[in-house]
Amino acid sequence: MEKRDLYNIEKINTRKTIFKEERPPENFYTLVVLALIQNSKNEILVQKRSKQKGGEFGLTSGHPKSGETSLSGIITEIKEELGVEAKPQELKLMYSERDDVNRCFYDLYYLKKDYEKENGNSIINSSNSIQRNSSNYLHGSREKGRHSGGNNDFILARNGRCQRGSTGLSGE
């Protein structure tokens, strides 16, 4: 079972852990990392969450596993959810906040990068319209119910307008 580190009110790792499904005890917090990913055309990648997580759109995010720092945690989340590599020097911590209601800290990272698949196709389509063709977007596979790339819906936000698309491999 996956564990998460617990932090005190000053965001110092207490070296105590809880299981993924548990709520942090009183006076302890977990860490949530998020990534705002923007390409050179100023498009922002937004994912559609799985039905188990409400099915709403949001940024690439998650909880670092026990032993991971905030930075290594967001690198892991980007790899797991999008199937792409991010380097520590490419990520910039934009914002950090403590949420006393949900007992967690939020660290928001910014990544400006044009990702490409091995065949040279851009992950984020360069045209003004979204094509529902999986060869233009992310690819990946599902292993043991964990998502690692494909079958994520997403929105590209540009100039205040959103366009829907899909990274699905299921012949949409």
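These numbers were taken from a predicted model, which means no experiment stands behind them. (Residues numbered from 1 in each chain as written. Predicted model: local features only at pLDDT ≥ 70, side-chain atom pairs only at ≥ 80, totals over all residues. Heavy atoms only, no water.)

Asker: What is the right way to read the overall build of the chain from this model?
Answerer: Check the secondary structure of the chain and you find one helix and 12 strands. In the chain, the order of α-helices and β-strands from amino to carboxyl end is β-β-β-β-β-β-α-β-β-β-β-β-β. For the chain, the proportion of contacts with a sequence separation of at least 24, taken over those separated by at least 6, is 50%. (Helix = DSSP H or I, 4+ residues; strand = E, 2+ residues; numbered from the N terminus. Contact = heavy atoms within 4.5 Å.)

Asker: What should I look at first to understand the pattern of salt bridges in this one?
Answerer: Two side chains of opposite charge can pair, provided their charged atoms sit close to one another. Evaluated as defined, the whole model comprises six salt bridges. Asp 107 is the partner of Lys 11 in a salt bridge, and the nearest nitrogen-oxygen pair spans 2.6 Å. On the criterion of sequence distance, the pair formed by Lys 11 in the loop between β1 (3-7) and β2 (13-19) and Asp 107 in strand β8 (residues 104-112) is long-range, its members being 96 residues apart. (Salt bridge = Lys/Arg side-chain N within 4 Å of Asp/Glu carboxyl O.)

Asker: Where do I start with the side chain of Glu 77 in this structure?
Answerer: Turning to its location among the elements, Glu 77 is positioned in helix α1 (residues 70-82). It turns out Glu 77 is buried and unbridged, and the closest side chain with the opposite charge, Lys 65, is 4.5 Å from it. (Buried < 20%, exposed > 50% of the residue type's maximum accessible area, 1.4 Å probe, protein only. Lys, Arg positive; Asp, Glu negative; His and termini not counted.)

Asker: Looking at this model, I keep getting lost on the pairing of β2. Mind explaining?
Answerer: In summary, the side chains of a regular strand alternate between the two faces of the sheet. One ladder, built from four bridges, connects β1 with β2; its direction is antiparallel. From the neighbouring strand, Asp 5 faces β2, where its bridge partner is Thr 17. Once β1 ends, the chain turns through five residues before running back antiparallel as β2, passing Lys 11 with a positive phi of about 70 degrees. (Pairing = 2+ DSSP bridges.)

Asker: How should α1 be read in this particular structure?
Answerer: The end-to-end C-alpha distance of α1 is 18 Å, a good match for the 18 Å that 13 residues give at a rise of 1.5 Å each. For α1, the tally of buried residues reaches 10 of 13 residues, placing the bulk of the element in the interior. Residues of α1 that are buried: Ser 70, Gly 73, Ile 74, Ile 75, Thr 76, Glu 77, Ile 78, Glu 80, Glu 81 and Leu 82. (Expected span 1.5 Å × (residues − 1).)

Asker: How do you make sense of unusual backbone geometry when you look at a structure like this?
Answerer: Residues apart from glycine generally show negative phi values, whereas peptide bonds are mostly found in trans. One non-glycine residue, Lys 11, lies in positive phi territory at about 70 degrees. On the basis of relative accessible area, Lys 11 is assigned to the partly exposed category, the value being 29%. A positive phi angle is found at Asn 42, which is not glycine, with a value near 65 degrees. You can call Asn 42 partly exposed: its relative accessible area is 40%.

Asker: I keep staring at the environment of Glu 10 and nothing clicks. Help me out?
Answerer: Looking at the element boundaries, Glu 10 is found in the loop between β1 and β2. Sequence separation between Glu 10 and Tyr 29 is 19 residues, and the spatial gap between their C-alpha atoms is 9.7 Å.

Asker: Mind showing me how you'd approach the pairing of β8 here?
Answerer: Where strand β3 (residues 30-38) meets β8, nine bridges bridge the pair, whose relative direction is parallel. Counted as the bridge partner of Val 32 is Tyr 106 from β8. Strand direction decides the pairing type here: strand β7 (residues 91-99) and β8, joined by eight bridges, are antiparallel. For Arg 98, the partnering residue across the bridge sits in β8 and is Phe 105. Connecting β7 to the antiparallel partner β8 that follows it, the hairpin turn spans four residues, and Arg 103 within it adopts a positive phi of roughly 50 degrees.

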